[in-house]
Amino acid sequence: MKFPYKPRPRQLEVAREVSAALKSTNVVLEAPTGFGKTPVVLSAILPFIEKGRRIVWAVRTGSETDRPVEELAVFRRELGLKLVGLSFRGKRDMCLLARRFGSDLDYSEVSYICSRERSRCRYYRELEEGVELAPLLSRGALTYSEVYKWASEAGVCPYFLQRRLLAYADVVALSYNYVVDEGLSWSVKSAVPFRESILVVDEAHNLQGLNLGGDTVTEGTLARALEEAREVGSAGAEELVRHAIELVSDRFAGLREEESEVFDPLDLIPDGREELVEEAERAGEMVREMRYKQGRRPRSSLYHFASFLEAAVGLRGERGVAFVAERLDNRVNLSIWDMRSAELLGAVWRKFWRVVLMSGTLSPIEAFAETVGLERYHAVSAPSPYDESNASVYLVKDLTTRGEELSGEMAGRYVEGIAKLLSRVRRNTAVFTASYRVLEGLASAGLLERAEELGYVPFVERRSMSGLEAAEALKGFKSMAKEGRGLLLAPMGGRFAEGADYPGEELMCVFLAGVPFEKPTTKTKLYIGYYQELYGEERGRLYAYVYPAIRRAAQALGRALRSPRDQAVLVLGDFRYRNYLNLMPDYVRELAVEVGHDKLDSVRLPWQEVKFG
Ligand code: SF4
């Protein structure tokens, strides 16, 4: 195998196994963070690239597309390969013109602007007049910012420049959307034929919950849609929106926070008059047009609501699609909820020559593959590189968040246990909770005050935090790493417990407060019911309810161990984890020791025993 680093144990064996399997079938690879999945898989697929296969490397969000391309750059440099890699981003990140309509535009707004402007866009014209691609292609591995900068300096459109570069790319890294969404994938497919390509999906544990055909409108959307209907003088649109607002306030006013209820989308349309939806859509188009002509972002809530209704009515009666009203952040959201991950994703995988799905948390692999519709595959499980020199792991035998409410007594016990832990570790610590409800319970029981008394500075994730506020909180927490005084309090499954990276000293202790099972709302029951219909009573419950929760917990726990040089204290703060240790990463299973919450001030600190030079 060609590999640009000194291989660590098992890396080459896993690369060989993946490579051999790909000759005849798909691969599901479970490898913990720190194993080096990206270079191992690149090494495994190199022989296929050399024979002319193209690689589509799908990541969860656009912000992660540079990573595989940067790794490819190392392969090029160290192994003298002549491969071309491209980190592909959407118009939202690549349009030079859209920014004059404001910042933070969404995909559909930028698309709208481009569809109106392209014929006279000077950046597009410059590109059409001819651009020499060779200087760019000679760099080999192109991150999106390099393409963007080069295009901006040359005065050509970065988005359509990327589209041209696609034809030369051996490896294209892009977000899931460009693979699973028909409306987006054509732009890539025309240059990179899926049928002849290998698809690699990173962080594949997210696939089950993708909600592919889903959409949501809020009470805020409806209120804005009503104003817009009046603004353009559309009586039909006004009648439709007013009817929906009345229905929401009559039927769903009694929903409590996080409670949900199903609805029939036809109830949102007065007397089944579907022509009102078309009228609202036309009126929404007018609003977008008006805003655009005023130089404002071409956004219309009316248009969104009409498209939502049209999609919902079209999906009515589809098995695996539910329409759910749910109260979140004290307002009612109406959602199309598409649970059909196996059915829809199965069709996506079949478009490719081969598929590699990988993540650190896929156990049990058969269940994962079934829930994402992958039928033929070879499973590869890589061992984690962690042992007692990296981690000490505890399972607290007298704590649990089981039950509807977290009792005052149990919350107090959690606070006492966590305070003892904090007094011992004196390093940046994250308390990841089973839910916001548990987070609020711990905060009310005085966790933040106790942490402050111990010299820690708390950073708390809130439900309605904007992206900017979250980034600020994360930065603040990480800035405490040297002194080891940061305390992060956030729910599992949220943005701080998944996706965020905390290398080295940024996070050295993780406490899981509870097991992150979904609350037994109508929505949860629907989900379990659908899975039970597909897979039978017991398996359905495991697939829909138990495994996703344990994957969320394993993800949160894994935040502290990102490389073989990381060290951490990990605490499973709920005795129910005993039943699920077999689903946890191998190092958790092997190192877990049971303790009482009152003994958390004497946990073993790996960094006091082994220091990596
Ligand atoms: S052609 Fe390019 S720069 Fe011009 S509007 Fe479209 S995406 Fe933007």
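Rules used throughout
- Residues numbered from 1 in each chain as written.
- Predicted model: local features only at pLDDT ≥ 70, side-chain atom pairs only at ≥ 80, totals over all residues.
- Heavy atoms only, no water.
- Helix = DSSP H or I, 4+ residues; strand = E, 2+ residues; numbered from the N terminus.
- Buried < 20%, exposed > 50% of the residue type's maximum accessible area, 1.4 Å probe, protein only.
- Lys, Arg positive; Asp, Glu negative; His and termini not counted.
- Salt bridge = Lys/Arg side-chain N within 4 Å of Asp/Glu carboxyl O.
- Polar contact = N/O pair within 3.5 Å; in protein donor to acceptor, adjacent residues only side chain to side chain.
- Contact = heavy atoms within 4.5 Å.
- Phe/Tyr/Trp six-rings, centres within 6.5 Å; stacked < 30°, edge-to-face > 60°.
- 1 Å grid on protein atoms, 1.4 Å probe; cavity = no way out; pocket = protein on both sides within 12 Å on 5 of 7 lines; lining within 4 Å.
- Points joined across faces, edges and corners; volume = space filled by probe spheres on them.
- Nonpolar A, V, L, I, M, F, W, Y, C, P; charged D, E, K, R; others polar.
- Near = heavy atom within 4 Å.
- Sits in = over half its atoms within 2 Å of the grid points.
- Pairing = 2+ DSSP bridges.
- Axes fitted to C-alpha atoms, helices over the stretch in contact; angles between N-to-C directions.
- Core = buried A, V, L, I, M, F, W, Y, C linked by side-chain atoms within 4.5 Å.

## Things to note about the side chain of Arg559
And step 1. Position of Arg559 among the secondary structure elements: in the loop between α23 (537–558) and β18 (568–573).
And step 2. It is Asp501 that comes nearest to the buried, bridge-free Arg559 among opposite-charge side chains, at 4.6 Å.
And step 3. Polar side-chain contacts of Arg559 include one of 3.4 Å to the backbone oxygen of Ala497.
And step 4. The contact partners of Arg559, leaving out residues within four places of it in the chain, are Phe432, Phe496, Ala497, Glu498, Gly499, Ala500, Tyr502 and Leu507.

## Brief notes about the packing of aromatic side chains
And step 1. Tallied over the full model, the rule gives 23 aromatic pairs.
And step 2. With a centroid separation of 4.9 Å and 85 degrees between ring planes, the pair formed by Tyr159 and Phe160 is classed as edge-to-face. Comparing Tyr159 with Phe160, the two get one shared label, buried.
And step 3. Seen from their ring centres, Tyr530 and Tyr531 are 5.8 Å apart, and the 90 degrees between their planes marks the pair as edge-to-face. Taken as a pair, Tyr530 and Tyr531 share a single burial class, namely buried.

## Brief notes about empty space enclosed by the protein
The gaps of empty space that remain are located by a probe, the size of a water molecule, rolled over the atoms.
And step 1. Enumeration according to the criterion identifies five cavities of 30 Å³ or more in this entry.
And step 2. By volume, the largest cavity is sized at about 130 Å³.
And step 3. Lining the largest cavity are 13 residues, and of these Thr33, Gly360, Thr361, Ala554 and Gly558 sit closest to its centre.
And step 4. Looking at which element gives the most residues to the lining of the largest cavity, the answer is α23, with three residues.
And step 5. Along the lines of polarity and charge, the residues of the lining of the largest cavity split into four nonpolar, five polar and four charged.
And step 6. The calculated volume of the second largest cavity comes to roughly 110 Å³.
And step 7. Taken together, 14 residues form the lining of the second largest cavity, with Cys95, Leu97, Cys114, Cys121 and Cys157 sitting closest to its centre.
And step 8. When residues of the lining of the second largest cavity are traced back to their parent elements, those giving at least two are α5 (107–117), α6 (122–128) and α9 (158–166).

## Observations concerning the site of the ligand
And step 1. Residues in close proximity to the ligand include Cys95, Leu96, Leu97, Cys114, Arg118, Cys121, Tyr123, Tyr124, Cys157 and Phe160, which together make up its full environment.
And step 2. When each cavity is represented as a set of grid points, the ligand is found to reside in the second largest cavity.
And step 3. A breakdown of the residues in the shell around the ligand according to their chemical character gives nine nonpolar, no polar and one charged.

## Considerations on the sheet that holds strand β14 (residues 429–433)
And step 1. The seven strands lie next to each other as β15-β16-β14-β17-β18-β13-β19, forming an open sheet whose pairing is parallel. Edge strands, defined here as strands with exactly one partner in the open sheet, are β15 (457–460) and β19 (592–595). When the angles between neighbouring strand axes are averaged without regard to direction, this sheet yields 20 degrees.
And step 2. The pairing of β14 with strand β16 (residues 486–491) spans five bridges and is parallel. Paired with Thr433 across the strands is Pro491, a residue of β16.

## Some words on unusual backbone geometry
And step 1. The residue after Ser363, namely Pro364, is reached through a cis peptide bond having omega -10 degrees.
And step 2. Relative to the assigned elements, Pro364 resides in the loop between β11 (354–359) and α17 (365–371).
And step 3. Even without glycine at this site, Arg426 takes up a positive phi of about 50 degrees.

## Things to note about the nonpolar core
And step 1. Core analysis: the largest hydrophobic core is formed by 64 residues, its most contacted members being Leu161, Leu207, Trp349 and Leu357.
And step 2. With five residues, the single largest contributor to this core is α9.
And step 3. The contact partners of Leu357, leaving out residues within four places of it in the chain, are Val27, Val28, Leu29, Val201, Ala204, Leu207, Trp349, Leu362, Phe368, Val372 and Leu374.
And step 4. Ranked by size, the runner-up nonpolar core spans 61 residues in total, among them Met339, Ala342, Phe496 and Leu561.

## Notes on the sheet that holds strand β4 (residues 141–142)
And step 1. With respect to topology, eight strands assemble into an open sheet ordered β4-β3-β5-β2-β6-β11-β1-β12, the strand pairing being parallel. Looking at the sheet topology across the chains shown, the edges are occupied by β4 and β12 (378–381).
And step 2. As paired strands, strand β2 (residues 54–59) and strand β5 (residues 171–175) are joined by five bridges and run parallel to one another. Bridging across to β5, Ala58 finds its partner in Leu174.
And step 3. Each of β1 (27–30), β2, β5, β6 (197–201) and β11 is contacted by helix α2 (residues 37–50), which is oriented at about 155 degrees to β2, the strand it contacts most.

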